[in-house]
Amino acid sequence: MAALFTGKVLMANREQDEVETERELCWALENKVLLLYFGSGQCPRCRQFSPLLKDFFLRLTDEFYVERASQLVLVYVSRDETEEQQSAFLRTMPRRWLALPFGDAFKRELELRFAVSEVPTVVVLKPNGEVIVGNAVEEIRRAGPACFRSWQEAADLLDRNFRLAEDFDNWSRRSITDPIRRLKYKLDKKDKEGEGEGEDSF
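Bear in mind that the values here come from a model prediction, so they are computed numbers and not experimental data. (Residues numbered from 1 in each chain as written. Predicted model: local features only at pLDDT ≥ 70, side-chain atom pairs only at ≥ 80, totals over all residues. Heavy atoms only, no water.)

1. Side note on the overall build of the chain
Stated formally: Each helix corresponds to a stretch of at least 4 residues labelled H or I by DSSP, and each strand to a stretch of at least 2 residues labelled E; elements are numbered beginning at the N terminus. Three exposure classes are used, based on accessible area relative to the maximum for each residue type with a 1.4 Å probe and protein chains only: buried under 20%, partly exposed in between, and exposed over 50%. Note on contacts: a residue pair qualifies if any of its non-hydrogen atoms lie within 4.5 Å across the two residues. Note on areas: Shrake-Rupley with a 1.4 Å probe; residue coverage comes only from the protein chains shown.
Check the secondary structure of the chain and you find eight helices and seven strands. Counting across all 202 residues of the chain, residues that qualify as buried make up 45%. Partitioning the intrachain contacts of the chain with sequence separation of at least 6 by distance along the chain shows that 69% fall at a separation of at least 24. Put simply, the chain shows about 11500 Å² of open surface, and 47% of that area lies on carbon and sulfur atoms.

Written as structure tokens, this is what we have:
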């Protein structure tokens, strides 16, 4: 699934950190059912549906509801008119959501690729990028979290060791910020390593 976003940038919700390296994208997307949520915080129909999608996602991934997070990831593809509107909407949504940066031209490519003509639209994809459901909005409304089981079976996910929801959350705070921390502390780390080598030589 990371291949869909090769060379692209995804944003971690509520933070200014980017999931930008191939390794980080693979970690976030591999062996998971991917939901692409095309929506807008200003759209009346999206306002009605977004709370349902939030509850749907939390019931499958949040440690309050489940011991282990389901193999599910969501990327918000915004049709908001301004970056402020997108940010305001995301602040009301789960922290584990990812988002395409506001104004990213890749949004139009995704809309064309998956024939998105209206919002809200939730495209459900297998890890290899194949479409499971072209628009799952009505299915989510009707069946709630129960529909994830059929998607999971259709996606033929590998039953690897599941990460605890808490572990996933820790990774979100830690690994997604790695690019920024690497840039910030790169020189400091080199200096410390140099000092250590000098002490060992004595």
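2. Brief notes about the packing of aromatic side chains
How we decide: Pairs were defined over the aromatic rings of Phe, Tyr and Trp, the Trp ring being its six-membered one, requiring ring centres within 6.5 Å. Orientation was assigned from the angle between planes: stacked under 30 degrees, edge-to-face over 60, tilted for the rest.
For the coordinates displayed, the defined rule picks out nine aromatic pairs. With a centroid separation of 6.4 Å and an interplanar angle of 50°, the aromatic rings of Phe-89 and Trp-97 are classed as tilted. Residue classification places Phe-89 among the buried positions, given a relative accessible area of 9%. Exposure remark for Trp-97: the relative accessible area of 0% places this residue in the buried category.

3. As for the pattern of salt bridges
Put simply, the test is: Salt bridge, as applied in this entry: a Lys or Arg side-chain nitrogen positioned within 4 Å of an Asp or Glu carboxyl oxygen.
Summed over all chains, the structure comprises seven salt bridges. A salt bridge links Glu-111 to Arg-108, with the nearest nitrogen and oxygen atoms 3.4 Å apart. Of the two residues, Glu-111 and Arg-108 both sit in helix α4 (residues 106-113), three residues apart, roughly one turn of that helix. Glu-111 gets classed as buried once you look at its relative accessible area, which sits at 6%. A relative accessible area of 48% means that Arg-108 is categorised as partly exposed. Here Glu-130 and Lys-126 are joined by a salt bridge, their closest N and O atoms 3.2 Å apart.

4. A few points about the environment of Met-11
With respect to the secondary-structure elements, Met-11 resides in strand β1 (residues 10-12). Sequence spacing of Met-11 and Leu-98 is 87 residues, and the spatial spacing of their C-alpha atoms is 5.6 Å.

5. Here's the deal with the side chain of Gln-71
Under the convention used in this document: A 3.5 Å cut-off defines polar contacts: any pair of N or O atoms within that distance qualifies, except that in protein one atom must be a possible hydrogen donor and the other a possible acceptor, and neighbouring residues in sequence count only when both atoms are side-chain atoms.
Within the secondary structure, Gln-71 is located in the loop between α2 (44-61) and β4 (72-78). Within the structure, Gln-71 has its side chain in polar contact with the side chain of Gln-152 (distance 3.4 Å).

6. Let's talk about the nonpolar core
Heads up, the rule is: The set of buried Ala, Val, Leu, Ile, Met, Phe, Trp, Tyr and Cys residues whose side-chain atoms join them within 4.5 Å is what this entry labels a nonpolar core.
Core analysis: the largest hydrophobic core is formed by 50 residues, its most contacted members being Phe-5, Leu-36, Tyr-37, Trp-97, Leu-110, Val-122 and Trp-151. Leave out the neighbours within four places in its chain, and Phe-5 touches Leu-10, Leu-25, Leu-29, Leu-34, Leu-36, Val-75, Leu-100, Phe-106 and Leu-110.

7. Here's the deal with the confidence of the model for the chain
The condition that has to hold: Each residue carries a pLDDT score, the predictor's confidence in it, ranging from 0 to 100.
Looking at the chain, pLDDT values average 82 and 73% of them are 70 or higher. Predicted confidence is poor over residues 161-168, with pLDDT under 50, and the contacts of this stretch with residues over four places away or in other chains come to 19 contacts. Segment residues 170-187 is flagged for pLDDT under 50; beyond a separation of four residues in sequence, or across chains, it makes 24 contacts in the model.

8. Observations regarding the pairing of strand β6 (residues 121-125)
In plain terms, the rule: Here a strand pair is declared whenever DSSP counts at least two bridges between the two strands.
Burial analysis of β6 places five of its five residues in the buried class, the great majority of the element. Across the two faces of β6 the burial is the same, with Thr-121, Val-123 and Leu-125 and Val-122 and Val-124 all buried. As judged from the five bridges shared by strand β3 (residues 33-39) and β6, these two strands associate in the antiparallel manner. What sits directly across from Phe-38, in β6, is Thr-121.

9. Considerations on the side chain of Glu-139
As a reminder, the rule being used: Neither His nor the chain ends is counted toward charge; the positive residues are Lys and Arg and the negative residues Asp and Glu.
Mapped onto the elements of the fold, Glu-139 is located in helix α5 (residues 137-143). No salt bridge is formed by the buried Glu-139, whose closest oppositely charged neighbour, Arg-142, lies at an N-O distance of 5.1 Å. With residues up to four places along the chain from it excluded, the contact list for Glu-139 reads Val-133, Gly-144, Cys-147, Ser-150 and Trp-151.

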